[in-house]
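Summary of the model geometry
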Amino acid sequence: MTLPASCGEASSAACGFPRNAAQVASHRCRVVEHRQVNARYRYLRLSADADLAGTTRPGQFYQLKCPAVEAAQPFLLRPMSVYGTGPEAGTIEFLYNVTGLGTGTLATLDVGSTMDIVGPLGNTFELRPEDQGLLVVARGVGLATMAPLLRQAAQAGVAITAVMSARSPQDLMRDEFLRGAEADVHCVFDSDGSSAVEPVEALVRRLLSARHHDAVFTCGSHRLLLLLQRVLQDFPATRGDVAMEQRMACGMGVCLSCVRLFDDGQDKRFLRVCRDGPVFPIRHVVGEVEFG
Ligand SMILES: Cc1cc2nc3c(=O)[nH]c(=O)nc-3n(C[C@H](O)[C@H](O)[C@H](O)COP(=O)(O)OP(=O)(O)OC[C@H]3O[C@@H](n4cnc5c(N)ncnc54)[C@H](O)[C@@H]3O)c2cc1C
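Residues numbered from 1 in each chain as written. Predicted model: local features only at pLDDT ≥ 70, side-chain atom pairs only at ≥ 80, totals over all residues. Heavy atoms only, no water.

1. So, the environment of S81
- By secondary structure assignment, the location of S81 is in strand β4 (residues 78-81).
- For the pair formed by S81 and G59, sequence separation is 22 residues and the distance between their alpha carbons is 6.7 Å.
- Leaving out residues up to four positions away in the same chain, S81 has contacts with Q60, F61, E93, F94 and T145. (Helix = DSSP H or I, 4+ residues; strand = E, 2+ residues; numbered from the N terminus. Contact = heavy atoms within 4.5 Å.)

Okay, here's the thing in structure tokens:
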């Protein structure tokens with residue numbers, strides 16, 4: 001088993017996931033739009049002087065400096081996937097769920113105020129020139145991470161099949177996910193039981209059997225990750241990538257708080273989700289770690 005010190009750029013390159021670490025920088029941004037999307041999620045659009053659209057890739061994230069308010073002063077920056085960029089070079093978008101202290105103060109930001117973000121961080125989803133069809137399986141806010149991939153795939157003429165999972169139809173955010181991209185969409189919900197493991201596994205197997213998909217992409221749910229790991233064993237010609245959401249502190253590979261165990265079939269290694277990921281091959285993630 002290898003520790004993360006030995007697996008920086010080399011491991012990411014070995015995985016085949018492109019990165020653009022040389023372009024990481026701190027940006028002072030202006031809040032140009034900030035609003036509630038539904039009962040759970042908020043949309044934030046920022047503007048910077050730098051070319052964020054030109055340097056940010058699908059699957060990457062930024063560390064957000066959430067504002068200090070009287071009742072709370074978040075110290076660590078909070079990782080947030082890029083939901084979108086452009087059309088102006090300096091525009092960047094986030095879609096987030098208010099879950100705790102940092103996202104709570106983030107929600108208080110007024111239009112016109114400023115905030116600092118650091119990025120782009122991490123690697124990207126890999127869409128290959130020969131890809132003709134892909135399946136995305138997204139749950140909750142994981143759709144924010146995958147929305148730029150959908151846009152890229154649609155622009156490249158790749159056929160998209162999407163399985164969207166949510167607590168209820170009110171939480172789904174179908175339009176926010178597709179953003180005009182055409183896709184064969186299948187929605188499942190906790191509220192009617194259709195998002196349970198068994199029916200989703202049957203649905204994914206049916207979709208992959210009906211037509212060849214070059215790749216499966218997912219984000220946002222450990223349960224879906226394990227499900228896809230199981231299913232992909234029976235579809236060896238289909239690649240699978242997951243963008244992992246892991247609690248992290250520095251977001252730059254220094255503090256090692258986000259290490260997870262991976263197994264590429266030859267070696268087991270602890271890798272940093274922030275620096276070596278967050279995108280990894282689904283088949284390499286070790287789902288359960290047993291401590292002897
Ligand atoms: C690569 C990546 C991309 C993400 N993208 C999004 C997104 O697009 N939209 C969205 O709503 N959320 C996203 N998250 C989760 C988001 O970072 C957490 O919800 C947020 O940090 C919670 O902070 P908090 O202070 O409100 O919560 P608290 O629970 O008060 O946070 C305490 C500490 O734990 C960390 N933490 C808590 N939950 C998470 C988590 N799930 N992942 C990582 N760190 C966490 C916080 O950063 C903070 O340091 C992403 C996480 C990662 C790792």
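2. Comments concerning the environment of T218
- Relative to the elements of secondary structure, T218 occurs in strand β11 (residues 215-219).
- Classification of T218 as buried rests on a relative accessible area of 1%.
- Taking C-alpha positions, T218 is 4.9 Å from V137, a pair spaced 81 residues apart along the chain.
- Residues within four places of T218 in sequence aside, it is in contact with F125, V137, M146, L224, L228, D241, V242, A243 and I282. (Buried < 20%, exposed > 50% of the residue type's maximum accessible area, 1.4 Å probe, protein only.)

3. Quick word on the confidence of the model for the chain
- When pLDDT is averaged along the chain, the result is 90; 91% of the residues meet or exceed 70.
- Helix α1 (residues 9-15) is the least confidently modelled element of the chain, averaging 43 in pLDDT, while helix α6 (residues 197-210) averages 98, the highest of any element.
- Taken as a whole, residues 1-15 scores under 50 in pLDDT and shows 31 contacts with residues more than four places along the chain or in a different chain. (pLDDT = per-residue confidence, 0-100.)

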